[in-house]
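Okay, here's what each chain looks like letter by letter:
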Amino acid sequence: MRTSIKGASSLATMSPEANSAHDYRVLVLAPTRRDREVTRELLQRAKISCALCQGALSMAAEIETAAGAILLTDAAFSDPHIDQLLAALSRQPPWSEVPIILLCRTGSPLPVAARVVDSLRNVTVLERPTSSRTLLSSVQAALRARARQYQLREQFEALRASEAALRDSELQFRTMVNSIPQLAWMAHPDGYIHWYNHRWYEYTGTTPEEMQGWGWQSVHDPTYLPKVLERWRASIAAGTPLDMEFPLRAADGGFRMFLTRVVPLQGEKGRVLQWFGTSTDMEEAKRTEVQLRATEAALRDADHRKDLFLATLAHELRNPLAPIRTAAQILGSPRLASQELRWAQNVIQRQVGHMSLLLDDLLDIARVTQGKLELKKERVRLTDVVDSAVEEARPLFDSKNHQLTVTLPPEELTLVVDPLRLSQILSNLLTNAAKYTDPAGHIELMGDVQNGMLCLSVKDNGIGIAPEALPRIFEMFSQIDGASARSEGGLGIGLALVKGLLELHGGEIDAKSGGRGRGSEFIVRLPLAASISAEVPVTGADAPTVATACRRVMVADDNKDAADALAMLLELAGHEVRVAHCGRAALSVAQTFRPEVALIDIGMPDLSGYEVAKELRRESWGAGIHLIALTGWGRDDDRQRAKDAGFDRHMTKPVDPGVVEAMIANGNGLSVPRTEGCAGRR
Ligand code: ADP
């Protein structure tokens, strides 16, 4: 039996499960041992569980556990711990009033007894001595009353659990509604808004006091507000949902468009119990929609320009074929005079050159857009690059009788750039200036250093560019209406290529024009600091040249015409040439001929050029052959593949016979220049 009271625990806090074993036991506090034993026997006979307490203190402790009823005599009033017992009884939960049966001697009770009796709520006083039957029936009545209290306890616990569940779900709802990006609120059936989520206050920068009820009107746009009020009142009257777009003012004072949806929570017979509203920011969605529309239009436009480009390309590739065909026919004439022969040769050279330029541009733009174009930077003088660009454009300037003025900074500028590409950029701009300017025009190429940038400008007094066309002039396939007649075979990719090449150099380009008929100016800016460096050797006029030499050359190509034509040209230049029209033939020709230079096509049907190169490199005599790959593929990985197969060089078709010849003649990459006479082709 316990002798101490645990201050923290009480009947109010004990769970029903913990108490259930003792729920119906009777706690007995009797003055003598004999009284206790008699009472226990009496209760046990009636199958009533009981616990005999030694004093008021131990009874107080037992009450903390559980009690069905309490049986005590007035002798307990003189127990020094009676107050602890009364305190334990006073700590009962709301549903509990432990029935107390108090056995008192006949006559007026002690003053302390009167106080105790007054403070107890559910006490039955029996006079002593009392019959066993009376005592037993009183105890049973007390336990029955206690059973009803336990029923109450269950209801009370169930109510407490559902209240806790409600609090939990309320918390979940608020947490969820406060975490969404939408503004959310709740209103009474009459439209009085009584709650907003955090996002509302965050967005509007208002306080709950300002917003209560109909205070929301202060964040509405006055031009929309009457309509909003009208629709909201109509919804309240009819109990129907509302869907509406209107602007709401943000904390910074600006308005953003929101889509607001209000739905009623309905009870019996459709009665509105509560309104729930959310407002979703539509600004982002609207912006995305506008962007999507613009992207769609741009795609459609790009598609249209691509179609136009393909049509132009087909036209431009077909154009040179007619004069080539005519020239070829003339070459076949038996009575061909040397003047006509030269003419036909010039025509073919010019037209093939034109087609090659087109194809080069196409390959270059493809490489630039795929990020596969690699610059071969070296130290070069600005004047050398400008000279080469001017030289390139010279024929067109001469044919149109244009006047070109070149003004460069007085000091010699050394750049670290890809000289071929920078020259390509300038010649492209000069050619455009010449094309889009009427004969006898004035074109200026000016160079200047400004804020660490090299500025090169190409200015003409030609047809000019309309303001609306300027922003798109550097896009692919852009040819301005009306200008295409002057494009002279352009595909509308030149400026896009120029821009791409400049960007690879860390530079930029800008176009200016006063409008139609007022000339144009293209300004190129290149970072000068990155351009000047002492590490890369200067190439150009000082580059060493090697004496012309006669070589043993093998040409291998399954395109018979291409192979024979190249062979003929090399023979005319004095080299000794052998031709093979497939890979295996190339290996056997090389076996006996032992060429110093071999020009090998990659795409041959039996053995590819790569395989031929590998086979040749395996031979003891093949290690020193200067191997040149001829191919239609000019991507960087094609070059790498050729290098891996053992090629020294890689040339994209159509190769310029002059370049091949010069390469062989100058012994580029070859050991000792040969000087003995050559035997031509066999
Ligand atoms: P294209 O091959 O047609 O010349 P580009 O990309 O070089 O292609 O130029 C695109 C368009 O820009 C040209 O079709 C032409 O309409 C316009 N353009 C380029 N340069 C000039 C210029 N100097 N004066 C007027 N218009 C020009």
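Above: the structure in question.
On a predicted model such as this, the values are computed, not experimentally measured, just so you know.

Draft legend 1. Structural detail: empty space enclosed by the protein. Evaluation of the coordinates by the stated rule reveals six cavities of 30 Å³ or more. Trp 185, Trp 216, His 220, Phe 246 and Thr 260 are, among the 13 residues lining the largest cavity, the residues nearest its centre. Those elements giving two or more residues to the lining of the largest cavity turn out to be helix H9 (225-238), strand E8 (242-249) and strand E9 (255-266). The element that contributes the greatest number of residues to the lining of the largest cavity is E8, accounting for three residues. Broken down by class, the residue content of the lining of the largest cavity amounts to ten nonpolar, three polar and no charged. Looking at the second largest cavity, its volume works out to about 60 Å³.

Draft legend 2. View of helix H15 (residues 494-504). Most of H15 is tucked away: eight of the eleven residues are buried. Turning to H15, the residues buried within the fold contact helix H12 (338-369), helix H14 (419-435), strand E16 (508-513) and strand E17 (520-527). Residue Gly 506 follows H15 closely and has a positive phi angle near 80°.

Draft legend 3. Up close: the packing of H12 against H15. Where H12 contacts H15, the two axes come as close as 10 Å, and the packing angle between them is 45°. It follows from the interaxial angle that H12 and H15 lie oblique. In the crossing of H12 with H15, the sense of the turn from one axis to the other is left-handed. Across the interface between the two elements, Asp 361, Asp 364, Ile 365 and Val 368 of H12 pack against Ala 496, Leu 497, Gly 500 and Leu 501 of H15. Here the contact of H12 with H15 is built from residues that sort into five nonpolar, one polar and two charged.

Draft legend 4. Representation of the pairing of strand E18 (residues 552-556). Taking burial as the measure, the five residues of E18 include four buried ones, the bulk of the element. Inspection of the sheet shows E18 paired to strand E19 (residues 576-580) by five bridges, in the parallel sense. Residue pairing in the sheet places Ala 556 in a bridge with Ala 580 of E19. As for the winding sense of the linkage, the β-α-β connection from E18 through helix H17 (residues 560-572) to E19 is right-handed. With four bridges joining them, E18 and strand E20 (residues 597-601) adopt parallel strand pairing.

Draft legend 5. Layout of unusual backbone geometry. Omega for the bond connecting Arg 128 with Pro 129 falls within 30 degrees of zero, at -15°, which places this linkage in the cis form. Of note, Pro 129 is situated in the loop between strand E5 (123-128) and helix H6 (132-179). A positive phi angle is found at Lys 269, which is not glycine, with a value near 55°. For Lys 269, the location among the structural elements is in the loop between E9 and strand E10 (272-281).

Draft legend 6. Representation of the sheet that holds E5. Ordered by their spatial adjacency, five strands build an open sheet running E2-E1-E3-E4-E5, and the pairing between neighbours is parallel. Lying at the two open borders of the sheet, with one neighbouring strand each, are strand E2 (50-52) and E5. Recorded for the sheet is a direction-independent mean angle of 20° between the axes of neighbouring strands. Bridging between strand E1 (residues 26-29) and strand E3 (residues 69-73) involves four bridges; their strand directions are parallel. Bridge pairing links Val 28 to Leu 71 in E3. Its contacts with the sheet put helix H2 (residues 33-45) on E1, E2, E3 and E5, and the angle it makes with E2 is roughly 175°. Packed on one face of the sheet, helix H3 (residues 56-65) meets E1 and E3 and runs near 170° to E1.

The rules behind each value
- Residues numbered from 1 in each chain as written.
- Predicted model: local features only at pLDDT ≥ 70, side-chain atom pairs only at ≥ 80, totals over all residues.
- Heavy atoms only, no water.
- 1 Å grid on protein atoms, 1.4 Å probe; cavity = no way out; pocket = protein on both sides within 12 Å on 5 of 7 lines; lining within 4 Å.
- Points joined across faces, edges and corners; volume = space filled by probe spheres on them.
- Helix = DSSP H or I, 4+ residues; strand = E, 2+ residues; numbered from the N terminus.
- Nonpolar A, V, L, I, M, F, W, Y, C, P; charged D, E, K, R; others polar.
- Buried < 20%, exposed > 50% of the residue type's maximum accessible area, 1.4 Å probe, protein only.
- Contact = heavy atoms within 4.5 Å.
- Axes fitted to C-alpha atoms, helices over the stretch in contact; angles between N-to-C directions.
- Parallel < 35°, antiparallel > 145°, perpendicular 65-115°, else oblique.
- Left-handed = near helix turned anticlockwise from the far one by under 90°.
- Pairing = 2+ DSSP bridges.
- Right-handed = clockwise from strand over helix to strand, strands pointing away.

Nothing here speaks to function; it is all geometry.
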